[in-house]
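Below, each chain spelled out in residue letters.
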Amino acid sequence: MILIEFLKKSPNGFIPVLETPDGCLYEANAILRYIGRYKDDSKLYGSSPFEQALVDQYLDWSTLTFEPVYAQYIMPYVGYSGYDKKIHDQALKHFRELLSVLEDILTKSKYLVGNNITLPDIQIVSLLSFNFQYNFDEKFRKGYPNLTKYYQSVAQENNFKSLLGRPILCKTPLQPHTKKK
């Protein structure tokens, strides 16, 4: 019975789901965009039409480009797949390339869009929090000083700390699970 009720809210059966007075939303980016647009004075969706387009650009980049590579890289660390050195090394190489894209963007600004935290900052920092806590040791972070500073800045915000806890930087990185699932 519970599943049938949930499928009325999310026909695909996936989370997250946001129940609003107007109905349910069930795709993460739709939920983020809804939250960003909910209040007219919110800066989460940018402060101009161009910034709003940048927010959309980075949300789409994160979902379509960053997250698939991130998932392939992270799977053996969280036990969802066995470790295959060749696959892991390729995923790490591609992941580093995407981290370098972020590093380059953050050489020019404190946040991804404008002078305030916006939706893609929430999305990217939420994704990267596991890595900064468990994988990105000091040696790794030295290659991404702007990304590290950015992560620490956003993760120190009260709303982040209330959800993710105090940001902790990795000292000794996790090793991937070597057993087949």
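The structure displayed is predicted, hence computed values, not measured ones. (Residues numbered from 1 in each chain as written. Predicted model: local features only at pLDDT ≥ 70, side-chain atom pairs only at ≥ 80, totals over all residues. Heavy atoms only, no water.)

Draft legend 1. A look at the pattern of salt bridges. For the structure on display, the rule yields 7 salt bridges. A salt bridge links Lys8 to Glu5; the shortest N-O distance between them is 3.3 Å. Placement of the pair is Lys8 and Glu5 together in helix α1 (residues 2-9), with a separation of 3 residues, close to one helical turn. We classify Lys8 as exposed; its relative accessible area is 61%. For Glu5, a relative accessible area of 35% translates into the label partly exposed. (Salt bridge = Lys/Arg side-chain N within 4 Å of Asp/Glu carboxyl O. Helix = DSSP H or I, 4+ residues; strand = E, 2+ residues; numbered from the N terminus. Buried < 20%, exposed > 50% of the residue type's maximum accessible area, 1.4 Å probe, protein only.)

Draft legend 2. Structural view of the packing of aromatic side chains. One pass over the structure, following the stated rule, counts 13 aromatic pairs. Ring centres of Phe130 and Tyr134 lie 5.0 Å apart, and the angle between their planes is 45°; on these two criteria the pair is classed as tilted. Taken as a pair, Phe130 and Tyr134 lie in helix α5 (residues 119-134) at a separation of 4 residues, close to a single helical turn. Connected via pairs of aromatic rings, a cluster forms that spans Trp61, Phe66, Tyr70, Tyr73, Tyr77, Phe95, Phe132, Phe136, Phe140, Tyr144 and Tyr151. (Phe/Tyr/Trp six-rings, centres within 6.5 Å; stacked < 30°, edge-to-face > 60°.)

Draft legend 3. Main features of helix α3 (residues 49-78). If you look at α3, its biggest bend is around 45°, right at Phe66, and the proline Pro68 turns up within four residues after that. Just beyond α3, the residue with positive phi is Gly79, at close to 85°. (Bend = angle between axes of the 7 residues up to and from the residue.)

Draft legend 4. Main features of the environment of Met75. Among the secondary structure elements, Met75 is positioned in helix α3. For Met75, a relative accessible area of 31% translates into the label partly exposed. Along the sequence, Met75 and Gln133 sit 58 residues apart, while their C-alpha atoms lie 16 Å from each other. Contact partners of Met75, with chain neighbours within four places excluded, come to Tyr80 and Ser81. (Contact = heavy atoms within 4.5 Å.)

Draft legend 5. Representation of the packing of helix α4 (residues 85-105) against helix α7 (residues 145-155). One can describe the packing of α4 onto α7 by two numbers: an axis separation of 8 Å at closest approach and a directional angle of 75°. Classified by the interaxial angle, the pair formed by α4 and α7 is roughly perpendicular. Within the contact between the two elements, α4 uses Leu99, Leu102 and Glu103 and α7 uses Pro145, Asn146 and Leu147. Class assignment for the residues of the contact of α4 with α7 results in 4 nonpolar, 1 polar and 1 charged. (Axes fitted to C-alpha atoms, helices over the stretch in contact; angles between N-to-C directions. Parallel < 35°, antiparallel > 145°, perpendicular 65-115°, else oblique. Nonpolar A, V, L, I, M, F, W, Y, C, P; charged D, E, K, R; others polar.)

Draft legend 6. Region of the structure containing the nonpolar core. Phe66, Leu99 and Leu128 are the most contacted members of the largest nonpolar core, which totals 39 residues. Elements with a contribution of two residues or more to this core: α3, α4, α5 and α7. A per-element tally of this core places α3 first, with 11 residues. When sequence neighbours within four positions are dropped, the list of residues in contact with Leu128 reads Phe66, Phe95, Leu99, Leu102, Phe136, Leu147 and Tyr151. (Core = buried A, V, L, I, M, F, W, Y, C linked by side-chain atoms within 4.5 Å.)

Draft legend 7. Focus on the layout of surface pockets. Space inside the largest pocket adds up to approximately 430 Å³. Going through the elements one at a time, α5 and α8 (158-164) are the ones with two or more residues in the lining of the largest pocket. Of the residues that constitute the lining of the largest pocket, the class distribution is 8 nonpolar, 3 polar and 1 charged. Computed from the structure, the second largest pocket encloses a volume of approximately 230 Å³. Around the second largest pocket, the lining residues are Pro16, Ala28, Asn29, Ile31, Leu32, Ile35, Thr63, Glu67, Ile122, Gln123, Ser126 and Leu127. When residues of the lining of the second largest pocket are traced back to their parent elements, those giving at least two are α2 (28-38), α3 and α5. By residue number, the principal contributor to the lining of the second largest pocket is α2, which donates 5 residues. The residue makeup of the lining of the second largest pocket, split by class, is 7 nonpolar, 4 polar and 1 charged. (1 Å grid on protein atoms, 1.4 Å probe; cavity = no way out; pocket = protein on both sides within 12 Å on 5 of 7 lines; lining within 4 Å. Points joined across faces, edges and corners; volume = space filled by probe spheres on them.)

Purely spatial values, then, with no claim about function.
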